[in-house]
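# Structure assessment
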Amino acid sequence: MIEVHNISKSYRRDSLEIPVLSNITIDVPEGEFLALMGPSGSGKTTLLNLIAGIDRPDSGSIVVNGTDIATLNESMLATWRSHNVGFIFQFYNLLPVLTAFENVELPLLLTSLSKKERREHVESSLHLVGLGDRMKHYPKQLSGGQEQRVAIARAIVTDPTVLVADEPTGDLDRVSAGEVMTLLDRLNKEFKKTIVMVTHDPRAAEKAHKVMHLDKGELT
Amino acid sequence: MKIPFTYIWRSLWARRLTTALTLGGIALVAFVFAAVLMLSHGVEETLIATGSNDNAIVLRKSANSELVSQIDRDGANILKTFPEVATLPNGKPFASTEVYVIINLSKKGSNDMGNVSVRGISPEALQLRPQVTLLEGRWFTFGTQEILIGKNIAQQFQKCELGREIRFGDASWKIVGYFDGHGTAFDSEIWGDVEQMGAAFGRPVFSSATFRLTSPEAFEAAKLRIQQDPRLASMELKRERDYYEEQSKLMSGFIRILGLVVTVIFSIGAMIGAMITMYAAVANRTVEIGTMRALGFKRRSVLGAFLIESILLSLVGGAIGIALASLMSFIRISTTNFGTFSELAFGFTLAPSVIISTLLFAVLMGIAGGFLPAVRASRLSILNALRSA
Amino acid sequence: MFILKLVLKNTLRHKLRTILTILGISIAVMSFGFLRTIVTAWSAGVESSAANRMIVRHSVSFIFPLPYAYRERISRIPGVTMVSYANWFGGVYKDPADFKNFFPRVAVDAETYFEMYPEFTLPPDQLATFKQERSSCIVGEKIARELGFKIGDAIPIEGDIYPGRWDFVVRGIYKGKDASTDETQMLFHWNYLNERIKELQPGREGNVGWYILRVQNPREMPAIARTVDQEYLNSRAGTKTETEKEFQQSFVSMSSAIIRSLEVVSFIIIGIIMLVLANTIVMAARERTTEYAVLKTIGFSSWHIAGLISGESLLIAGIGGALGLGLTFPVAAGFANMFPTFFPVFNVATLTIFLAALVAAFAGVVAALFPTIRALRMTIADGLRAIG
């Protein structure tokens, strides 16, 4: 499903070049739940971003479901993302001026679905994450755990092939974290979603099938 | 504990773009404010400097301008014998009988015509008006058709080179020099021999007579004497300074009111600009404020810090505005005086009072605009502030 | 569309800041409109000039008189269908320091003047009474209203150009034909002025301030002007003949320096508008850097982001501009009321409205420029990391 082949990535800060990833090759089969772990600065978030198509590698190829996204240009990537990736952030990143419903609806606005069809998808997503009764609430009216669940609903509403999560439990208390991980687990087992997750939290990593460690840009 | 100044200064620098934009806005407003004040001063200077308290001018009764005034020769001679009229060392009365007319000249750089004052003077006039000095060339010779051009006219109008001849009143007049009126209304005049001009314009009578009072207090006595003399029934005495001030009252009044309106509007704008920036500053630094308060700084210090920041912004903006405005002192506005229909020039005078007023204005705007935001900053509770991270 | 909804919600996020920005822009737009209205009012006379009228005045300055004797010869010039004349009387009404007391006082040829100026309309019986009564006058409706003149009132004027105490009885009140006609003039008999001056100051009679000509064919105007001026080229009182429009324009040019200054200030105002708006938009965009990155992650394109930023900028500029424009009218009216006769015609021109709207729109676009470019250039990764 996801074939990362020999990718490298370095960042330029002023005139210095800082290598972040060196010759990484990973294979993620369909339906897999992968956890990426490692110390800060190990490059795991960068790898995640590359897989999700929000960053480009300096060299190498990333083939997701048959498409080498390293060859796509900016606008093609955007379209590709909207169909293929659902992103879950550590700090939820919901738009504060939109209700839970409207936040989840966002990715659907890029499709050609009618208003009625969009409503159906949104409602089913929100029900799935257990927030069917909070659709009209604004983010500031929700707890951290609830916000993250709305974010997950947003990530799955377009039925993407891959779910990408960056420290999804990083900002949550133990109970909420547990709820979120249970949800992700369910998405993987019941709905067969391929999930790649970056995390510090060993309890979160427990739910994953496979754990990979990164250190200083290399797999260990 | 006082919040260190470096914090305030660096906060402004950290948000350079916003700071720059706000400074720009304040500077522009300060510029307009200063320019208006400078123009007001310039207008006053022209007025006040033009007339002297030592001189008095005689016009026809209820004539509000030399243009419509007539003084007959006999009357003028009687006037010169008044004890209130000072005497020159050579024994002659210190008085100048003058003829005042208006001619048309073409302006430089456009096809517009402008009205230019032409004054025929007596030899005593040069001493009567010591504020007028020779700029270039030489003084004209009485008894000839030579003339001198005032500084402003030479600058604004075509065909005024030295040596050139201008035609008006059916005669040719040779330009032999320029004179500097030093910012007075005389800068916008052309001077020549009164007898020559009178003849050329077909005027057997004078327009006015100006004389040096024996003392400024002698004015009242002279005025009374004229009123009591039946031969001078048609005449009226004014202080020279008052006369010139009246000439431009309409003009300067209009400029002042316009300036005032513009300034009021702009100052409201400046306040709003400052407010927006300061509110944003507070909002963005909520965590910092909470941290400082947690460290032990009092509410007062927080209020003070934000007020100082606001004042700093407005002071710098005000200074920039003044610097820009000072460039205006190179500009002279030459326009038609509504009162006399002839050309008059105003300059922009950068007096120390203008600088102080503008800075004060800028600071007031800064305080007015920054006050409410600063209050809000000081009212934040420590916990809420830290939590908003 | 969705973008509009999001733009609107974003604007409401910081209500205070948005309100202040709108207020700032509205004040600036109002000043712009106000200053422009002053500038256009100055040239109102030019606009309302008749296409078939010419003015003959003294070649040096219109304040010098022309001999009455010229009338005969001028009226015989082919192409000239009617000749009238007038003198500027001036004088002082009550307290000259009060601006309200200044209005034009003109001595005219009673027989022809109102025919020459058909835009001054009044009932025929009032005109007839005026023509018969030597010491009567006709006043414009605006000045009658401002100063409470009614038919039968005697207006006392203290003469300055023509000294002495003069009283004129109001026998008619004229209305302007349209909004751009001057309704502030007081017109009386030239004959009356001439006779009295003959008594008071012999030698000054027989003088006309300026002649007004009605011309059959406007295209003949340059030729007629040449003919008249040539005729009197070498006389003591040379003439300058020009179209009424040129004549009015020459007054405007007299104050060109002031008008230009006002225009310069208008430009400065535009600059201020942009700075205030840009400041707010820059702040707003910076705060939402992360959100924009999230939207990009979801798949929205850079153009969507640009639309959000520009949309917000244009919305604020639009509301501020509309408010400012609305305020322009009462402010202009207030100013006009302070100086009712200074600017006899003081309207907010259509062009001014259009320009003010353009300025607001332009500001909206420019203010969004910098933050838009920044947002377009920023990579998603940086955007997610950014702290607003």
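## Looking at the domain arrangement of chain C
Residue and element names in this part refer to chain C.
- When cut into domains, chain C gives domain 1 (2-44 + 256-385) and domain 2 (60-237).
- Residue-level contacts link nine residues of domain 1 with 12 residues of domain 2.
- Between domain 1 and domain 2, a total of about 870 Å² is buried, with carbon and sulfur atoms accounting for 61% of that surface.
- In this structure, the connection of domain 1 to domain 2 is made through zero salt bridges.
- Our count for the contact surface shared by domain 1 and domain 2 stands at zero residue pairs in polar contact (both at pLDDT 80 or more).
- A per-class count over the side of domain 1 that touches domain 2 returns six nonpolar, three polar and no charged.

## Describing the arrangement of the chains
- The structure contains two pairs of chains in contact, of which chains B and C account for the largest number of contacts.
- The two units chain A and chain B never meet; even their closest C-alpha atoms stay 12 Å apart.

## Observations regarding the side chain of Glu183 of chain C
- When you line up the elements, Glu183 of chain C lands in the loop between β8 (164-176) and β9 (186-189).
- Put simply, Glu183 of chain C is tucked away with no salt bridge, and the nearest opposite charge, on Arg145 of chain C, sits 5.1 Å away.

## A short note on the nonpolar core
- Counting residues in hydrophobic clusters, the biggest one holds 137 residues, and the most contacted among them are Ile2 and Leu47 of chain A, Phe266 of chain B together with Ile38 and Trp42 of chain C.
- A total of 19 residues in this core trace back to one element, the largest contributor, which is helix α11 (residues 256-287) of chain C.
- Apart from the residues within four sequence positions on either side, Ile2 of chain A is in contact with Ile26, Asp27, Val28, Ile51, Val63, Val64, Val162 and Val196 of chain A.
- If you look at the next biggest cluster of nonpolar residues, it comprises 50 residues, including Ile166, Phe168, Trp173 and Val194 of chain B.

## Overview of the interface of chain B and chain C
- Tallying the contact residues gives 53 residues for chain B and 57 residues for chain C.
- For the pair chain B and chain C, the summed buried surface comes to about 4,500 Å²; carbon and sulfur atoms form 73% of the total.
- The largest contributions to the chain B side of the interface with chain C come from Leu21, Phe254 and Ile276 of chain B, which together make up 14% of the buried area.
- Looking at the side of chain B that touches chain C, the elements with two or more residues in it are α2 (16-50), β2 (95-106), α6 (194-200), α9 (249-284) and β11 (332-336) of chain B.
- Per-element tally for the side of chain B that touches chain C: the top contributor is α9 of chain B, with 17 residues.
- A per-class count over the side of chain B that touches chain C returns 31 nonpolar, 15 polar and seven charged.

## Here's the deal with the interface of chain A and chain C
- Each partner contributes residues to the interface: chain A has 19 residues there, and chain C has 19 residues.
- The junction of chain A with chain C conceals about 1,800 Å² of combined surface from both sides, 72% of it contributed by carbon and sulfur atoms.
- The tally of links from chain A across to chain C stands at two salt bridges.
- Put simply, chain A and chain C have five residue pairs in polar contact (both at pLDDT 80 or more) between them.
- Among the elements that line the side of chain A that touches chain C, the one with the most residues is helix α2 (residues 74-84) of chain A, at three residues.
- Class assignment of the residues belonging to the side of chain A that touches chain C gives a composition of 13 nonpolar, three polar and three charged.

## As for the pattern of salt bridges
- Enumeration according to the criterion identifies 34 salt bridges over all chains in this entry.
- Arg57 of chain C is paired through a salt bridge with Glu242 of chain C; the nearest N and O atoms lie 3.4 Å apart. Placement of Arg57 of chain C in strand β1 (residues 53-58) and of Glu242 of chain C in strand β12 (residues 239-243) is noted, with a sequence separation of 185 residues between them.
- We classify Arg57 of chain C as buried; its relative accessible area is 8%.
- By relative accessible area, which is 7% here, Glu242 of chain C ends up buried.
- Where salt bridges share partners, they join Glu66, Glu98, Arg119, Arg129, Glu189 and Glu240 of chain B into one cluster.

## A closer look at the sheet that holds strand β2 (residues 16-28) of chain A
Residues and elements named next belong to chain A.
- One open sheet holds the four strands; their spatial order is β2-β1-β4-β5, and the pairing between them is antiparallel. What marks the edges here is a single partner per strand, and that holds for β2 and β5 (67-68).
- As judged from the nine bridges shared by strand β1 (residues 2-13) and β2, these two strands associate in the antiparallel manner. Considered in β2, the bridge of Lys9 is made with Leu21.
- The sheet strands contacting helix α1 (residues 44-52) are β1, β2 and β4 (59-64), and the helix crosses β1 at an angle near 120°.

## Looking at the pairing of strand β9 (residues 208-212) of chain B
Residue and element names in this part refer to chain B.
- In terms of burial, β9 is a largely internal element, five of the five residues being buried.
- Of the two faces of β9, the one lined by Ser208, Thr210 and Arg212 and the one lined by Ala209 and Phe211 are each fully buried.
- In this sheet, β9 lies alongside β2 in antiparallel orientation, the contact comprising four bridges. Paired with Thr97 across the strands is Ala209, a residue of β9.

## Examining the packing of aromatic side chains
- Scanning all chains against the criterion turns up 34 aromatic pairs over all chains.
- Judged by centre distance (5.6 Å) and plane angle (70°), the ring pair of Phe186 of chain B and Trp191 of chain B falls under edge-to-face.
- Judged by its relative accessible area of 0%, Phe186 of chain B is buried.
- Here the basic side chain of Arg105 of chain C rests over the ring of Phe103 of chain C, its NZ or CZ set 4.5 Å away from the ring centre.

## Considering the pairing of strand β3 (residues 80-88) of chain C
Residue and element names in this part refer to chain C.
- The element β3 is largely enclosed, with a buried count of seven among its nine residues.
- In the sheet, β3 pairs with strand β11 (residues 210-215) via six bridges, with the strands oriented antiparallel. What sits directly across from Tyr85, in β11, is Tyr211.
- Bridge count between β3 and strand β4 (residues 105-108): three bridges; the pairing is antiparallel. Pairing of Ala86 across the sheet is with Val108, part of β4.

## Some remarks on the sheet that holds strand β7 (residues 162-166) of chain A
Residue and element names in this part refer to chain A.
- A sheet is described by the order of its strands in space; here six strands give the open sequence β6-β7-β8-β3-β9-β10, paired in mixed fashion. Two strands bound the open sheet, and with one partner strand each, they are β6 (85-88) and β10 (218-219).
- Looking at chain direction, strand β3 (residues 33-37) and strand β8 (residues 194-198) are connected through four bridges and run parallel. If you follow Ala35 over to β8, its bridge partner there is Met197.
- Packing of α2 onto the sheet brings it into contact with β6 and β7, and relative to β6 it is tilted by some 80°.

## Some points on a nonpolar patch on the surface
- Residues Val316, Ile320, Leu324, Leu327, Phe330 and Ile331 of chain B make up a contiguous nonpolar surface patch of roughly 560 Å² in combined accessible area.
- Within the secondary structure, Leu327 of chain B sits in the loop between α11 (299-326) and β11.

About the thresholds
- Residues numbered from 1 in each chain as written.
- Chains lettered and ligands numbered in written order.
- Predicted model: local features only at pLDDT ≥ 70, side-chain atom pairs only at ≥ 80, totals over all residues.
- Heavy atoms only, no water.
- Domains from an automatic or database assignment.
- Contact = heavy atoms within 4.5 Å.
- Buried area = accessible area lost by both parts, 1.4 Å probe.
- Salt bridge = Lys/Arg side-chain N within 4 Å of Asp/Glu carboxyl O.
- Polar contact = N/O pair within 3.5 Å; in protein donor to acceptor, adjacent residues only side chain to side chain.
- Nonpolar A, V, L, I, M, F, W, Y, C, P; charged D, E, K, R; others polar.
- Helix = DSSP H or I, 4+ residues; strand = E, 2+ residues; numbered from the N terminus.
- Buried < 20%, exposed > 50% of the residue type's maximum accessible area, 1.4 Å probe, protein only.
- Lys, Arg positive; Asp, Glu negative; His and termini not counted.
- Core = buried A, V, L, I, M, F, W, Y, C linked by side-chain atoms within 4.5 Å.
- Pairing = 2+ DSSP bridges.
- Axes fitted to C-alpha atoms, helices over the stretch in contact; angles between N-to-C directions.
- Phe/Tyr/Trp six-rings, centres within 6.5 Å; stacked < 30°, edge-to-face > 60°.
- Lys NZ or Arg CZ within 6 Å of the ring centre and 35° of its normal.
- Patch = residues over 30% accessible without salt bridge, like charges linked within 9 Å, V, L, I, M, F, W, Y side chains within 5 Å.
- Areas by Shrake-Rupley, 256 points an atom, 1.4 Å probe, with all protein chains shown as cover.

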